[in-house]
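Notes for the structure review
Here's the letter readout for the chains.
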Amino acid sequence: MPSQCLDISPEVSKALARGQPVVALESTILSHGMPWPENVETAHAVEKIIRDTGAVPATTAILKGRLKAGLSEAEIDYIGSHSQEMHKASRRDLPWLMAKGENGTTTVASTMIIAAKAGIRIFATGGIGGVHRGAQETFDISADLQELARTPVAVVCAGPKIILDLGLTMEYLETMGVTVVGYGTHKLPGFYVRETQWAVDCRADSPVEVANILRARWSLGVDGGVLITNPVEKSQSLTLEEVEVIMEGALQDMASEGVTGKAITPWLIKRLHEATRGRSLATNIELLKNNVQLAAQIACDYC
Ligand code: PSU
Ligand code: MN
């Protein structure tokens with residue numbers, strides 16, 4: 001349901017009109033999650049994976065105050081090479097960016113909003129935001145979780161980011177009624193880390209099985225999305241032990257440097273990148289490609 005504030009690209013628009021599969025993509029991962037030029041290369045590579053699988057990619061952003069579903073190559077290149085001027089835009093940021101005609105890159109929450117407005121049901125990303133470590137004190141809970149509770153979009157990811165408190169994140173998702181599916185696993189994947197100690201609600205072993213869960217979810221007529229967690233390949237996974245060692249120092253430095261609010265996730269991602277000498281970036285890129293591939297297959301089966 002295109003609205004006045006939303007531009008759907010001609011390619012995406014045509015696919016939606018014909019009932020063809022479309023996969024939404026976020027853009028904060030490009031501006032705040034990866035350095036240039038890897039961000040631009042990855043953005044084009046994942047769009048290609050989606051097209052090669054028979055679906056159409058719809059990368060989302062806010063450009064000059066307009067919500068975008070589907071970007072041109074030039075727009076992707078611009079965002080990737082002008083990361084500094086891109087506001088990280090979650091649900092709360094959309095109104096002021098729109099009113100002021102600003103540029104912003106979309107988080108999981110705002111991508112879900114744009115996808116739902118455009119009529120796109122499947123969205124692929126790297127990892128979602130969640131309940132931060134120490135949230136008992138800080139109240140830092142990503143708006144991604146509330147969005148999953150209310151917006152009817154399926155998010156394919158490699159799990160909540162391991163920088164979070166995964167136990168509390170799972171509790172929160174349960175409270176909010178979000179179905180969490182493990183793709184080929186009963187254990188919750190933790191983004192860079194293939195497997196964690198937490199269990200998922202249900203396991204699915206094929207794109208068709210996932211598509212059936214999505215249809216059942218939306219036939220209920222209640223609000224909300226579904227989280228599909230797809231473990232990163234074994235050969236690409238970081239170990240829980242190495243991540244925990246890095247996180248211990250990172251959380252101390254983060255506190256002493258006074259990093260707060262929406263800067264936290266990008267700061268921790270960058271810290272892991274440096275501490276692993278680029279291995280976490282390579283993992284991030286691989287898991288994203290993996291998720292995009294799965295999302296495109298699910299979209300084909302869903303349509
Ligand atoms: N991936 C990254 N870096 C990021 C994000 C993803 O490598 O910054 C973004 C995602 O868009 C996710 C968001 O939705 O972080 C969550 O941020 P917050 O915890 O501030 O809601
Ligand atoms: Mn936060």
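The following refers to the structure shown. (Residues numbered from 1 in each chain as written. Chains lettered and ligands numbered in written order. Predicted model: local features only at pLDDT ≥ 70, side-chain atom pairs only at ≥ 80, totals over all residues. Heavy atoms only, no water.)

A word on the packing of aromatic side chains. Here the structure, examined in full by the defined rule, presents two aromatic pairs. Each ring, one from F191 and one from Y192, has its centre 4.4 Å from the other, and the planes form 45°; the classification is tilted. Accessibility classification places F191 together with Y192 in one group, the buried group. Between W218 and Y302, the aromatic rings sit 5.9 Å apart at their centres with planes inclined by 85°, giving edge-to-face as the arrangement. Taken together, the residues span a long stretch of sequence, with W218 in helix α10 (residues 207-219) and Y302 in helix α13 (residues 279-302) at a distance of 84 residues. Owing to a relative accessible area of 21%, Y302 belongs among the partly exposed residues under this scheme. A cation over an aromatic ring shows up here: R121 above the ring of W218, its NZ or CZ 4.3 Å from the ring centre. If you follow K161 out to its NZ or CZ, it ends over the ring of F191, 5.6 Å from the centre. (Phe/Tyr/Trp six-rings, centres within 6.5 Å; stacked < 30°, edge-to-face > 60°. Buried < 20%, exposed > 50% of the residue type's maximum accessible area, 1.4 Å probe, protein only. Helix = DSSP H or I, 4+ residues; strand = E, 2+ residues; numbered from the N terminus. Lys NZ or Arg CZ within 6 Å of the ring centre and 35° of its normal.)

Moving on: the pairing of strand β4 (residues 66-69). Relative to β4, strand β1 (residues 6-8) runs parallel, the two sharing three bridges. Residue I8 lies in a different strand from β4, and its bridge partner there is A69. Where strand β3 (residues 56-63) lies against β4, four bridges are found, and the strand directions are antiparallel. Across the sheet, I62 pairs through a bridge with L67, a residue of β4. Between β3 and β4, which pair antiparallel and follow one another directly, the connecting turn spans two residues, one of which, K64, has a positive phi of 45°. (Pairing = 2+ DSSP bridges.)

Let us look at the site of ligand 1. Of all residues adjacent to ligand 1, which total 17 residues, the nearest are E26, K88, V108, S142 and D144. Separating an oxygen atom of ligand 1 from a backbone N or O atom of V108 is a distance of 2.9 Å. In this structure, an oxygen atom belonging to ligand 1 sits 2.7 Å away from a side-chain N or O atom of D144. Compared with its free state, where it exposes 470 Å², ligand 1 has 96% of that area covered by protein. Within the residue set of the shell around ligand 1, elements represented by two or more residues are α2 (28-32) and α12 (264-275). Here the residues of the shell around ligand 1 are counted per class, giving four nonpolar, eight polar and five charged. (Near = heavy atom within 4 Å. Polar contact = N/O pair within 3.5 Å; in protein donor to acceptor, adjacent residues only side chain to side chain. Areas by Shrake-Rupley, 256 points an atom, 1.4 Å probe, with all protein chains shown as cover. Nonpolar A, V, L, I, M, F, W, Y, C, P; charged D, E, K, R; others polar.)

The subject of this paragraph is helix α3 (residues 38-52). Since the α-helix advances by 3.6 residues per turn, residues separated by three or four positions end up pointing in the same direction. In this model, α3 (15 residues) spans 21 Å end to end at C-alpha, consistent with the 21 Å of a helix rising 1.5 Å per residue. Residues of α3 that are buried: N39, V40, T42, A43, V46, E47, I49 and I50. Turning to α3, the residues buried within the fold contact β2 (22-25), α2, β3, α4 (73-81) and α13. Backbone geometry just after α3 places G54 at a positive phi near 100°. (Expected span 1.5 Å × (residues − 1). Contact = heavy atoms within 4.5 Å.)

As a further point, take the side chain of N230. Within the secondary structure, N230 sits in the loop between β11 (226-229) and α11 (240-257). Residue N230 is classed as buried on the basis of its relative accessible area, which comes to 6%. Excluding residues that lie within four positions of it along the chain, N230 makes contacts with C157, A158, Y183, P189, N290, N291 and L294.

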